[in-house]
Amino acid sequence: MNKKSSKIQITQFSDALSQRYLAYALSTITSRSLPDVRDGLKPVHRRLLFAMRELKLNPDSGFKKCARIVGDVMGKFHPHGDQAIYDAMVRLAQSFSVRYLLVDGQGNFGNVDGDNAAAMRYTEARMTEVAKALLQNIDEDCVDFRDTYDGETAEPIVLPAAFPNILANGASGIAVGMATNIPPHNVAEICDAAQYLIKSPNAGFDKLIDMVTGPDFPTGGVLCEDRETIKHAYETGRGSMRVRARWEIEKLKGGQWQIVISEIPYQVQKSKLIERIAELIISKKITMLDDIQDESAEDIRVVLTPKSRNVDPEILMESLFRQSDLENRFSMNMNVLDHGRVPKVMNLRQILQAFLNHRHDVLIRRKKYRKIQILHRLEILKGYIICFLNLDEVIKIIREADNAKKSLIKAFDLSEIQAEAILNMRLRSLRKLEEIELRKEHETLELELKDVDLLLNDEMLRWKVINSEIGEIKKKFGKNTIEGKRRTDIMPAPSAIIVPLEAMIEREAVTIVISKNGWIRALKGHISDISDVKYKEGDAPFYWVHGHTTDKLLIFCTNGRFYTLGCDKLPSGRGHGEPLRVMMDLGNEDKFVKFLISDPDKKLLVAASDGRGFIIAEKDIIAQTKNGKQILNVSGKSVAKICVEINGDMIAVIGENRRFSIFPLSDMPEMSRGRGVIIQKYLQGGISDLTIFDKKDGLCWKSGDRVRRVSNYDEWIVKRGHGGRMPPAGFPRSNKFK
């Protein structure tokens, strides 16, 4: 290296890194990931279509190998890998990826199951009518061109885009620090909205939403959102929309039936969807479903077989929507490049207006280009007419003059262009009939020139022309055509369907066993004798209860919290189980008070050691997290101590001071959380035990192996909160009812 010519610049590493990363980010945003709002294309797609046009791959011409097309794109316009270019091309030819195809493919271009396309040497392609509309009039100087990366040729910066591609086909991409995800729409609806916007530039979104009712996905499906949600998404340019599979019930013999899915949500691979549902069946998380079969050919046909004909199909499908991609959310983010330079999130009206403004610019440039052509031709025609009027003299000058061109210019006051055209004229054109045709052409061009000048000077007239052009697109790709018919139905958001737990979990009988040290497990079946159950050394039985895998186990602890565990998630009975404290956030200082199987229709009475409590419905104590749900508030030395199921109308309570009282259950309030009211008052100690019984059956308690019953207990009936009296004769010294 020549030391004199080299220059070393000292700079901070962070500054140098920032500058280079910024350059990379801008390049990714503007040249790779975000589409131009005017033609809805990224550079790779634009270059693909332009290269196919250069190869004359029109819709009515023959196909060419994709390898040839990719080679031209890579060699002339797009200096990136051939596989990346081919992948972009394949997507434009997939009817399940693009709403209006831009590439007409011949061969294997992949499928909705996620299978890849064949290699580019095996597939062929040409442009579609939509691609032709995007390139329409590109030779008429209606868009700017720039040099290609090697400077040998030129490429368009944007396409004329007679077709509203940005909304019709949508776009998706991830740039640096931003992304875009625009859903496809129905072109007839877009054209209606664009035409209305020409007449009413300040149109409100209520009117625009009447026309563009929502996305129209290539795979169909059902858009389940209300009008306000869709309107808000189009007003802001961002939103989330729920798309569900289309399904119907197919009747079979003997009253049997099956569900047939004919359309799936956009961008969901059918093979992975079926695999996921099969996993749900195998893992018994969808117990109402017996089998799934893929009977698809060209059209999608996925068959779901229920366990029984008594299964509710609505509940079955709702459970599948919740657990599989039969329901998918499309997150709309209409982030586009404004005039190919500035990324911007646009709403529906802004995108439509940007498309219309582009078409207006294209029309002006086309007409200016046409005007130049007309003026050029008129100038030549004037020269031809002069030639015919002075034919003999023109021939003489050409034959005899040393410099015929200069002599003609001097003799007839011609321009260089006219003189050159006369000299290049063929002898066969020197007919009388040709002169008449030239004069007719001259008159026709003069009239056309007046029309062009009128159009260039009248904006209202230009918008009428654009309106007419959009009408032609609507007619060509409208809802009356096979391609233009709306595929995605729009329905209001579905009402909340309560899916019973049995639909998600297979109902199996279990025996829940809890040891003295707090280890829990679920044994299969309802076991009546658990004496054979083994425990860890030093551990012993504490509590057991019969339940089902669809039940929830409620655990009440001394901190006043209720914890909830799904019985299907309990450890199996093969080992010693797992510690309960690991399965929920419970401190070592807190102890277990009560275990019970949840019954939403029942109520409980909870009480603290200080003798305060209340009634609560079981449905209000279900906890959603490991942290449990605080129900009974305790403070100081007070702890939660009592939890009794309500199955009577009288309450009997005894304190540690051996004071006994009875009062009606109706005196207790029902609450959802709090300290409660005083059940029994104590000067020293606290509550010992509490029971609830039916007045007509009398009060009973267990004394040893015997059950004692008292029918006459009037002397112990007091008001709630009373200190109480000594208990009936024979009441256990343990101060416990059981």
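Keep in mind that this is a model prediction, so the values were computed, not measured.

Draft legend 1. Expanded view of unusual backbone geometry. Residues other than glycine seldom take positive phi values, yet Arg658 does so here, at roughly 60 degrees. One non-glycine residue, Asn735, lies in the positive phi region at around 60 degrees. Among the secondary structure elements, Asn735 is positioned in the segment after strand S34 (706-710).

Draft legend 2. Spatial organisation of the side chain of Thr511. Assignment of secondary structure puts Thr511 in strand S18 (residues 509-515). Separated by 2.6 Å, the side chain of Thr511 and the backbone oxygen of Gly525 make a polar contact. One polar contact links the side chain of Thr511 to the main-chain amide nitrogen of Ile527, over a distance of 2.8 Å. Apart from residues no more than four positions distant in its own chain, Thr511 is found in contact with Arg521, Ala522, Leu523, Gly525, His526, Ile527, Ile530, Trp544, Val545 and His546.

Draft legend 3. The arrangement of the nonpolar core in detail. With 85 residues, the main nonpolar core has Ile69, Phe163, Tyr234, Leu348, Leu352 and Leu356 as its most contacted residues. Among the elements that make up this core, the one with the highest residue count is helix H12 (residues 348-389) (eight residues). Among all residues touching Ile69, those that are not within four sequence positions of it are Leu48, Met52, Leu55, Leu57, Lys64, Met89 and Ala125. If you look at the next biggest cluster of nonpolar residues, it comprises 26 residues, including Val268, Leu273, Ile274 and Ile277.

Draft legend 4. Spotlight on the layout of surface pockets. The space that makes up the largest pocket amounts to roughly 920 Å³. Looking at the lining of the largest pocket, the elements that each hand over two or more residues are strand S20 (541-548), strand S24 (592-597), strand S28 (640-645), strand S32 (687-693) and strand S33 (699-703). In the lining of the largest pocket, the residues fall into 19 nonpolar, three polar and ten charged. Estimated volume of the second largest pocket: approximately 730 Å³. Lining of the second largest pocket is provided by 25 residues; of these, Ser95, Phe96, Glu298, Asp299 and Ile300 occupy positions nearest its centre.

Draft legend 5. Focus on empty space enclosed by the protein. On inspection of all chains with the given rule, the structure shows two cavities of 30 Å³ or more. In this structure, the largest cavity spans a volume of roughly 40 Å³. If you trace the largest cavity, you find it lined by Arg91, Asn169, Gly170, Ala171, Ser172, Asn181, Ile182, Tyr266, Gln267 and Phe330. For the lining of the largest cavity, the secondary structure elements donating two or more residues are strand S6 (171-174) and strand S7 (179-182).

Draft legend 6. View of the pattern of salt bridges. Enumeration according to the criterion identifies 44 salt bridges in this entry. The salt bridge involving Lys284 is made with Glu508; its shortest N-O contact spans 3.7 Å. In this pair, Lys284 is assigned in the loop between helix H10 (270-282) and strand S12 (289-294) and Glu508 in the loop between strand S17 (489-491) and S18, connecting sequence segments 224 residues apart. Between Glu656 and Lys641 there is a salt bridge, with the nearest N and O atoms lying 3.2 Å from each other. Of the two residues, Glu656 is situated in the loop between strand S29 (650-655) and strand S30 (660-664) and Lys641 in strand S28; the sequence distance between them amounts to 15 residues. Given a relative accessible area of 29%, Lys641 falls into the partly exposed group.

Procedures and definitions
- Throughout this document, residue positions are counted from 1 along each chain, in the order its sequence is written.
- Where local features are concerned, this predicted model is filtered to residues with pLDDT of at least 70; where side-chain atom pairs are given and counted, the filter is 80 or more; whole-chain, interface and lining totals use all residues.
- The side-chain values count all of the structure's non-hydrogen atoms but skip hydrogen atoms and water molecules.
- Secondary structure is summarised from DSSP: a helix means a run of H or I of at least four residues, a strand means a run of E of at least two, and numbering begins at the N terminus for each.
- What qualifies as a polar contact is a pair of N or O atoms within 3.5 Å, subject to a donor-acceptor requirement within protein and to the restriction that residues adjacent in sequence count only when both atoms come from side chains.
- In what follows, residue pairs with any heavy atoms lying within 4.5 Å of each other are defined as contacts.
- Side-chain atoms within 4.5 Å link the members of a nonpolar core, which is a set of buried Ala, Val, Leu, Ile, Met, Phe, Trp, Tyr and Cys residues.
- Only protein chains enter the accessibility calculation, which uses a 1.4 Å probe. A residue is then buried if its area is under 20% of the maximum for its type, exposed if over 50%, and partly exposed in between.
- Buried and open spaces are told apart on a 1 Å grid over the protein atoms alone, a cavity being a set of points where a 1.4 Å probe fits but cannot get out and a pocket being an open set with protein on both sides within 12 Å along at least five of seven lines. Residues with an atom within 4 Å of a point are the lining residues.
- Grid points are joined across faces, edges and corners, and a volume is the space filled by probe spheres set on the points.
- The residue classification treats Ala, Val, Leu, Ile, Met, Phe, Trp, Tyr, Cys and Pro as nonpolar and Asp, Glu, Lys and Arg as charged. All others, Gly included, are polar.
- Salt bridge, as used here: a side-chain nitrogen of Lys or Arg that lies within 4 Å of a carboxyl oxygen of Asp or Glu.

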